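Each chain, written out:
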2 protein chains.
Amino acid sequence: MQRKATALDVAKRAGVSRSAVSLVLNGRGDGNVAKESQDRIRQAAAELNYSPNPIALSLRNQRTRVIGIVSDEVVTSPFDGNIIGGADDVARSRGFVTVVMDTELDASRDASAVETLLDRQVDGLMYVTVGLKPLDVPQGMLRVPSVLANCIDNAPVPRLHHVIPDEVSGGREATHHLLGLGHRDIAFLAGAQTSPAAPLRVQGFRAAFEGAGLPVRADRVFLAGWDIDTGFNGAMKLLDGVSPAERPTAIMCANDRLAVGVVLAAARLGLSVPRDLSIMGYDDEFRIANTMVPALTTMALPLREMGAAAMTRLLDQVEGAGNSDGDTLETMVPCRLVVRESTGPVPSGAPN
Amino acid sequence: MQRKATALDVAKRAGVSRSAVSLVLNGRGDGNVAKESQDRIRQAAAELNYSPNPIALSLRNQRTRVIGIVSDEVVTSPFDGNIIGGADDVARSRGFVTVVMDTELDASRDASAVETLLDRQVDGLMYVTVGLKPLDVPQGMLRVPSVLANCIDNAPVPRLHHVIPDEVSGGREATHHLLGLGHRDIAFLAGAQTSPAAPLRVQGFRAAFEGAGLPVRADRVFLAGWDIDTGFNGAMKLLDGVSPAERPTAIMCANDRLAVGVVLAAARLGLSVPRDLSIMGYDDEFRIANTMVPALTTMALPLREMGAAAMTRLLDQVEGAGNSDGDTLETMVPCRLVVRESTGPVPSGAPN
DNA sequence: TTGAAAGCGTTACCAG
DNA sequence: CTGGTAACGCTTTCAA
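Residues numbered from 1 in each chain as written. Chains lettered and ligands numbered in written order. Predicted model: local features only at pLDDT ≥ 70, side-chain atom pairs only at ≥ 80, totals over all residues. Heavy atoms only, no water.

With that settled, consider the interface of chain A and chain B. It is common to report an interface's size as the accessible area lost on association of the parts. Taken together, the contact between chain A and chain B spans 55 residues of the former and 55 residues of the latter. Note on chain A versus chain B: buried area summed over both sides is about 4,900 Å², and carbon and sulfur give 59% of it. Of all residues in chain A, the largest losses of buried area upon contact with chain B belong to Ile55(A), Arg120(A) and Arg287(A), amounting jointly to 14% of the total for that side. Remark: the boundary between chain A and chain B carries eight salt bridges. Two residues, Glu104(B) and Arg304(A), come together in a salt bridge whose shortest N-O distance is 2.8 Å. Connecting chain A to chain B are twelve residue pairs in polar contact (both at pLDDT 80 or more). Breaking the side of chain A that touches chain B down by element, the ones donating at least two residues are helix 4 (54-61), helix 5 (81-93), strand 2 (97-102), helix 6 (108-119), helix 9 (228-239) and helix 10 (256-268) of chain A. Here the residues of the side of chain A that touches chain B sort into 26 nonpolar, twelve polar and 17 charged. (Contact = heavy atoms within 4.5 Å. Buried area = accessible area lost by both parts, 1.4 Å probe. Salt bridge = Lys/Arg side-chain N within 4 Å of Asp/Glu carboxyl O. Polar contact = N/O pair within 3.5 Å; in protein donor to acceptor, adjacent residues only side chain to side chain. Helix = DSSP H or I, 4+ residues; strand = E, 2+ residues; numbered from the N terminus. Nonpolar A, V, L, I, M, F, W, Y, C, P; charged D, E, K, R; others polar.)

Shown next as structure tokens:
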């Protein structure tokens, strides 16, 4: 491979000096370089397929146009990859490159990942987690513009802006959907206490009942974990051997995997979904919710939007866009109800 | 933040020249720099918490110790992230940093991702795909040491080494497991033609039958796609309204999601798994196969091993380790049978 | 309007 | 054994 053309090559070919090349190609030609030279320079650059060496640029400018993305396990786990997708869209459209490092849930690697990135002079940092959670922010993130996506600064007084889904209103709207279908006895398999998302979604659940002026059947809320088997077990407890009159007519799940378990339990028990039982998921997990049988009604997490919002915020900071609302510390992105086939009207025989 | 210490700072503090610092810190001090100076230099470096600036290093050495990983959708999709995990493990352990770029299935972004990475002088490139597939290798990858993981150079005469799972033997061993349990009528929901993995797994299926001297019931092989709903529909076709004698006693699936659909169908039909029907998955998808009810017996893809093998190979090349088998173009990594609860002995009443 | 030179932080070569 | 100097590729300031 022949070596890449440098600014010097372009200068020689155009018969000018390196500085002229630099000025022209950076748009500061007018008033400094003769029109005619400018044309020759541009042509020479095109002919040589010249583009400046980013490394030399970084060294010179102390800016790299690279944004470091650190994640707990977004790359290696099946979840939430679209946050990075959304962030990367924005970064690319603004001429930045993102580099992703995954620490695979090993908190001790957080600091070193950040230091590595900082060493390489990234212009900004973003931390992304799988599932909403508090984050012990690595010290290094405070030394450059930084933002959190799907996680919250765990310090006594938070320092970094975070972009998170609006879990409370997500839980509320999901419940609202079921109430609208006439359901009154709704059980909630609420995930595990390990993520703050669980209690927030429950809070929305309660709010919806209160908002409708209905009694809150809070005894219907169970912590169940996040996986298929726990959904299955939870549903069996609610349904197996229970008379139709005593059964909840709908089960809300804190994620789609729990919902898969519930559907499985219903099938096992000969209950038809949604005729005998409505089931709601949460997350709108790609190729789970939409391909399930029946396809799951669910509350979609705004992953791409979150990533995009976080990156936009970050780049505004990096480029010193002097965004006036640089002082708010939180962006909440609404979840989106996706109605499919697992929810339907309350069975006619159900008790009011 | 105070600026980071440079080699010059260290030199001043130790009362020597920059060159001395460079030599000592790179282990070439002996025979060049006085023992005593060496000590002072090392101490000064420690006191200032000095580490060389990677950017300057890159500019100077034309090597960055960065490996670029390009993927079609490993980051943003739920699948195969552990290939990157395994690759990154190896890279870090050898002092390299990986940067990941995901093109989200937009082939037109492949070339530009590679060019961006090349511009930034990565020392090597790795392309990773979700699911085994042929790859139109971006031109740029031929200009630096490169390797393919989970994909195969689609050129008439392949140029890049690839690391792939041994799908044929995976299919064979999976079938072997079922044959060992006494099953003779085994149906195979074989995924979609879009991935070469499907026909290879089928090939293994056939090989197992032949190896056992049994008639190949090749009419039992169906293309079904890769998702829950297609698994469900496929299973319904095989099972619904079919007399026990005519039913297959086991269904092998080309991935775990299909298997979920099959389990669902079985539940719907009142069939007990594995008592009435054995079900095999493929992939050992994290938090699907192991949390399914019943937990799925499956053929695990060696994702981490593949990533590790590919990166090892690549770094050997980058570091010019003169690895003598640099001429083989293929590494096959065996899949691993994981026996859980969805497979069991053939029902006693089943026809021979 | 142009070109020369300094500097970003490093390493390697070569006199001393 | 040591330290000065050039070079990596670029931008920017300053003098001509």
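This is not the end of the story, as more comes after the structure.
Our focus in this paragraph is the side chain of Ser195(B). Residue and element names in this part refer to chain B. For Ser195, the position within the fold is in the loop between strand 6 (186-189) and helix 8 (197-211). Ser195 sits in the buried class, given a relative accessible area of 11%. A polar side-chain atom of Ser195 sits 3.0 Å from the main-chain amide nitrogen of Ala197. Each residue touching Ser195, except ones within four places of it in the same chain, is listed here: Leu132 and Trp226. (Buried < 20%, exposed > 50% of the residue type's maximum accessible area, 1.4 Å probe, protein only.)

In this structure, Met126(A), Ile251(A), Met311(A), Met126(B), Ile251(B) and Met311(B) are the most contacted members of the largest nonpolar core, which totals 151 residues. One finds Val70(A), Val99(A), Val137(A) and Val137(B) within the second-largest nonpolar core, a separate group that totals 38 residues. (Core = buried A, V, L, I, M, F, W, Y, C linked by side-chain atoms within 4.5 Å.)

All right, on to the sheet that holds strand 7 (residues 221-222) of chain A then. All names here are of chain A. Judged by pairing direction, the sheet is parallel, and its four strands sit side by side in the order 7-6-8-9 without closing on themselves. The sheet terminates laterally at strand 7 and strand 9 (278-280), the two strands that pair on one side only. Bridge analysis of strand 8 (residues 250-253) against strand 9 gives three bridges, and the strand direction is parallel. Opposite Ala250, over in strand 9, you have Ser278 as the bridge partner. Where helix 9 meets the sheet, its contacts fall on strand 6 (186-189), strand 7 and strand 8, and the angle it forms with strand 6 comes to roughly 150 degrees. (Pairing = 2+ DSSP bridges. Axes fitted to C-alpha atoms, helices over the stretch in contact; angles between N-to-C directions.)

Take the state of the cysteines next. All chains considered together, the criterion is met by zero disulfides over all chains. Cys335(A) supplies the cysteine sulfur nearest to Cys151(A), a cysteine that is in no disulfide, at a spacing of 16 Å. A relative accessible area of 0% places Cys151(A) in the buried class. Between Cys253(B), a cysteine without a disulfide, and Cys335(B), which holds the nearest cysteine sulfur, the sulfur-to-sulfur distance is 16 Å. Here Cys253(B) falls in the buried class, since its relative accessible area comes to 0%. (Disulfide = S-S within 2.5 Å.)

Turning our eyes to something else, we now look at the relation of the copies chain A and chain B. Each of the two chain copies goes to the other by way of a rotation about an axis and a shift along it. Superposing chain A onto chain B takes a rotation of 180 degrees plus a shift of 0.0 Å along the axis, which leaves an RMSD of 0.1 Å. Here the copies are linked by what is in effect a two-fold axis. Using C-alpha coordinates, one finds that chain A approaches the rotation axis most closely at Pro78(A), a distance of 1.9 Å. Interface residue correspondence from chain A to chain B reaches 100%, placing this contact among same-surface, isologous pairings. (Least-squares fit on C-alpha atoms with pLDDT ≥ 70 in both.)

Before going further, it helps to examine unusual backbone geometry. A cis amide bond links Val273(B) to the next residue, Pro274(B), at an omega of 5 degrees. Residue position: Pro274(B) is located in the loop between helix 10 (256-268) and strand 9 (278-280). Cis geometry is found at the peptide bond from Val293(B) to Pro294(B), where omega equals -5 degrees. Checked against the element boundaries, Pro294(B) lands in the loop between strand 9 and strand 10 (298-300). One non-glycine residue with positive phi stands out, namely Asp80(A), at about 65 degrees. Mapped onto the elements of the fold, Asp80(A) is located in the loop between strand 1 (66-71) and helix 5.

The tally for this structure, following the rule as stated, stands at 46 salt bridges over all chains. Close ionic contact of Lys133(A) with Asp72(A) constitutes a salt bridge, the shortest N to O distance being 2.8 Å. Taken as a pair, Lys133(A) in strand 3 (residues 124-135) and Asp72(A) in the loop between strand 1 and helix 5 lie far apart in primary sequence, 61 residues in all. Overall, the relative accessible area of 24% leaves Lys133(A) in the partly exposed class. The class of Asp72(A) is buried, set by a relative accessible area of 5%. A salt bridge links Glu319(B) to Arg65(B); the nearest nitrogen and oxygen atoms lie 3.5 Å apart. Taken together, the residues Glu319(B) in the loop between helix 11 (303-318) and strand 11 (330-333) and Arg65(B) in the loop between helix 4 (54-61) and strand 1 (66-71) connect sequence positions 254 residues apart. Of the residues examined, Glu319(B) reaches a relative accessible area of 40% and is grouped as partly exposed. The class of Arg65(B) is partly exposed, set by a relative accessible area of 28%. Sharing partners across several salt bridges, the network here consists of Asp88(A), Asp89(A), Arg92(A), Arg304(A), Glu104(B) and Arg109(B).

One pass over the full model with this rule turns up four aromatic pairs over all chains. Measuring from centroid to centroid gives 5.1 Å for Phe205(B) and Phe209(B), while their planes differ by 65 degrees, and the two rings are edge-to-face. In this pair, Phe205(B) and Phe209(B) both sit in helix 8, four residues apart, roughly one turn of the helix. When sorted by exposure, Phe205(B) lands in the same class as Phe209(B), which is buried. Cluster of aromatic residues (ring-pair linked, three or more members): Phe188(A), Phe205(A) and Phe209(A). Over the ring of Phe96(A) we find Arg65(A), and its NZ or CZ is 4.2 Å from the ring centre. Sitting over the face of the ring of Tyr282(B), Arg201(B) holds its NZ or CZ atom 3.7 Å from the ring centroid. (Phe/Tyr/Trp six-rings, centres within 6.5 Å; stacked < 30°, edge-to-face > 60°. Lys NZ or Arg CZ within 6 Å of the ring centre and 35° of its normal.)

Right, let's get into the pairing of strand 8 of chain A. All names here are of chain A. A two-sided burial pattern is seen for strand 8, the buried positions comprising Ala250 and Met252 on one face and Ile251 and Cys253 on the other. Sheet topology note: the strand 6/strand 8 ladder contains four bridges and is parallel. Looking across to strand 8, one finds that Phe188 is bridged to Met252.

Residue and element names in this part refer to chain B. An order of 7-6-8-9 is seen for the four strands of this open sheet, with the pairing classed as parallel. For this open sheet the edge positions go to strand 7 (221-222) and strand 9, each flanked by a neighbour on one side alone. As judged from the two bridges shared by strand 6 and strand 7, these two strands associate in the parallel manner. Paired with Leu189 across the two strands is Phe222, which belongs to strand 7.

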